[in-house]
Amino acid sequence: MKKALVLGGGIGGSQAAIALRREGYNVTLVSNRPYIYAYPISIWIPTGEISPEDVRIPLDEFSKSWNIEFIQDEVVRIEPETGKVHLKEKGEIGGYDYIVLALGQVKRKEKGIENTLSICGTPEEAIKIRERLQELIKKGEGRIAFGFGGNPKDKTAVRGGPVFELLFNVDYYLRKLGIRERSELTFFAPMPKPGERLGEKALKMLDELFRKYNINKITGKKIKEFKENGVLFEDDTFLEADLILYTPAGWGHPVIAESGLPTNEAGFVKIDETCRVEGFENIYAVGDCAAIEGPPWTAKQGHLAEVMGEIVAHNIAVREGRKKGELKSYKEHINILCLMDMGWRGGGLAYRSDKRAMLIPIPVLGHIMKKLWGVYFKLYKLGRIPKII
Ligand SMILES: Cc1cc2nc3c(=O)[nH]c(=O)nc-3n(C[C@H](O)[C@H](O)[C@H](O)COP(=O)(O)OP(=O)(O)OC[C@H]3O[C@@H](n4cnc5c(N)ncnc54)[C@H](O)[C@@H]3O)c2cc1C
């Protein structure tokens, strides 16, 4: 049986591992965390609506379900020419027929970033946000700034959706506690139209929501530096804040660039349409670590990472002649699909493709749908139910 090595046990890597098993490969998965982290539902950790454990799918359970070998370790270096991979604890591993890179992305470094926390950071960071929020709640008042940054070198690596979700969820939570009037919530972003990739309708709806919920907005101003007590903009105006919840744009995983693999200017690994790394026969990449090429509104998303995982397994099997059919391209699957949550008020179902841009408000039920998606995600990752979308 041919052997495949998947590096990174997140949303895309886990799906690549499942799909490769289904195609009959012997799969080893290396990941530094002992669990798959379901980022889309982690937005409820800060408000206590979900516990950190509910967001984690143990990789030992996952690997048993799919008969996959799991190694918990950190990848420190990849030798693309020899196929050897160096792990922090276990040293060198090798002898695999295929390597699939699924290491995700890291955050772009910005001045004073240590004074901020991000909902798109490590799982521990989401817990820290919760603690800091609780401190403000105890005080009974506070100024919270929510923002996200842009990446001029790769526009697909901007993550705004979860920041809006966190903002609306915190707003809802503070209202429920009866302290919203004594709290000041401000949204900030350096681009003039943050959220525009979802289309004009979405931008209008966001503006209406900001007005309705009394959320201040500062957009189109570059950020100079984050200070302990606020955000300094390039025009030297200062936004005072007790808590800064900021998500910088993404950047390529350093292990990939340091291993001499081909990358774009932002450090994301270059792949062809079949997800194969440029210049290498047996190395593929999926999800956030890859340079995605598509229309200007393209974004790195979990559902695309999963589709890429499936495509990799399919294309490997077709290239080997084990399976009949055409090679598949990830580009046909580029769209934006997200349920932007606003707490128990509901959510907005956002969809963007070449043909369509829509945002459908779904009061209350939208929130329930996202919760159900969390349950569904866990069940299909553990092989208890089939994956349907
Ligand atoms: C808060 C939040 C909400 C989101 N909501 C949505 C949504 O509603 N819909 C949607 O489609 N997308 C959403 N996304 C985006 C989605 O989560 C990502 O696109 C997706 O996780 C990408 O999958 P991935 O496998 O490429 O990376 P990841 O899921 O980040 O997985 C990377 C894995 O690699 C491991 N790893 C990293 N470095 C190493 C190393 N050196 N050695 C070993 N292992 C390593 C990590 O521990 C991790 O397990 C959201 C993201 C965030 C942060």
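Further up the page is the structure itself.
A. Structural context of the pattern of salt bridges. Counted by the stated rule, this structure contains 26 salt bridges. One salt bridge in this structure joins Glu165 and Lys370, with 2.8 Å as the shortest N-O distance. Taken together, the residues span a long stretch of sequence, with Glu165 in helix H4 (residues 161-177) and Lys370 in helix H8 (residues 365-381) at a distance of 205 residues. For Glu165, a relative accessible area of 5% gives the class buried.

B. Molecular detail of helix H3 (residues 123-139). With 17 residues, H3 extends 26 Å between its outermost C-alpha atoms, agreeing within 8% with the 24 Å of an ideal straight helix rising 1.5 Å per residue. Inspection of H3 places Pro123, Glu125, Ala126, Ile129, Leu133, Leu136 and Ile137 among the buried residues, and these make up the whole buried set. Taken end-on, H3 shows its buried residues confined to a sector of 155 degrees, consistent with a single buried face. Counted as exposed and oriented over 90 degrees from the buried face of H3: Lys138 and Lys139. In this structure, the buried side of H3 is in contact with strand E3 (35-37), strand E4 (56-58), strand E11 (142-148), H4 and strand E17 (243-247). Of the residues one or two after H3, Gly140 is the one with positive phi, at around 85 degrees.

C. Highlighting the site of the ligand. In the vicinity of the ligand lie 31 residues, with Gly12, Asn32, Val75, His253 and Asp288 positioned nearest. One of the backbone nitrogen or oxygen atoms of Val75 is found 2.8 Å away from a nitrogen atom of the ligand. Contact distances for the ligand include 3.4 Å between an oxygen atom and a side-chain N or O atom of Lys370. Across the complex, the protein chains shield 92% of the 1,000 Å² of accessible surface that the ligand would expose by itself.

D. Expanded view of the nonpolar core. Phe62, Leu101 and Ile144 are the most contacted members of the largest nonpolar core, which totals 113 residues. Mapped onto the domain boundaries, this core takes at least three residues apiece from domain 1 (3-105 + 252-335 + 371-381) and domain 2 (108-249). Beyond its immediate sequence surroundings of up to four residues, Ile144 is in contact with Leu133, Leu136, Val170, Leu174, Glu184, Leu185, Thr186, Leu243 and Leu245.

E. Region of the structure containing the packing of aromatic side chains. Counted by the stated rule, this structure contains 17 aromatic pairs. Geometrically, the ring pair formed by Phe226 and Tyr246 is tilted, given 4.5 Å between the ring centres and 45 degrees between the ring planes. Of this pair, Phe226 sits in strand E14 (residues 223-227) while Tyr246 sits in strand E17, and the two are 20 residues apart along the sequence. As far as burial versus exposure is concerned, Phe226 and Tyr246 are alike and both buried. Over the aromatic face of Tyr96 sits the side chain of Lys3, whose NZ or CZ is 5.2 Å from the ring centroid. Lying across the ring of Tyr213, Arg345 places its NZ or CZ 3.9 Å from the centre.

F. Molecular detail of unusual backbone geometry. Located in the positive-phi region is Asn67, a residue other than glycine, with phi close to 55 degrees. As for its position among the elements, Asn67 is in the loop between helix H2 (59-66) and strand E5 (69-72).

Each value, and the rule that gives it
- Residues numbered from 1 in each chain as written.
- Predicted model: local features only at pLDDT ≥ 70, side-chain atom pairs only at ≥ 80, totals over all residues.
- Heavy atoms only, no water.
- Salt bridge = Lys/Arg side-chain N within 4 Å of Asp/Glu carboxyl O.
- Helix = DSSP H or I, 4+ residues; strand = E, 2+ residues; numbered from the N terminus.
- Buried < 20%, exposed > 50% of the residue type's maximum accessible area, 1.4 Å probe, protein only.
- Expected span 1.5 Å × (residues − 1).
- Arc of directions from axis to C-beta.
- Contact = heavy atoms within 4.5 Å.
- Near = heavy atom within 4 Å.
- Polar contact = N/O pair within 3.5 Å; in protein donor to acceptor, adjacent residues only side chain to side chain.
- Areas by Shrake-Rupley, 256 points an atom, 1.4 Å probe, with all protein chains shown as cover.
- Core = buried A, V, L, I, M, F, W, Y, C linked by side-chain atoms within 4.5 Å.
- Domains from an automatic or database assignment.
- Phe/Tyr/Trp six-rings, centres within 6.5 Å; stacked < 30°, edge-to-face > 60°.
- Lys NZ or Arg CZ within 6 Å of the ring centre and 35° of its normal.

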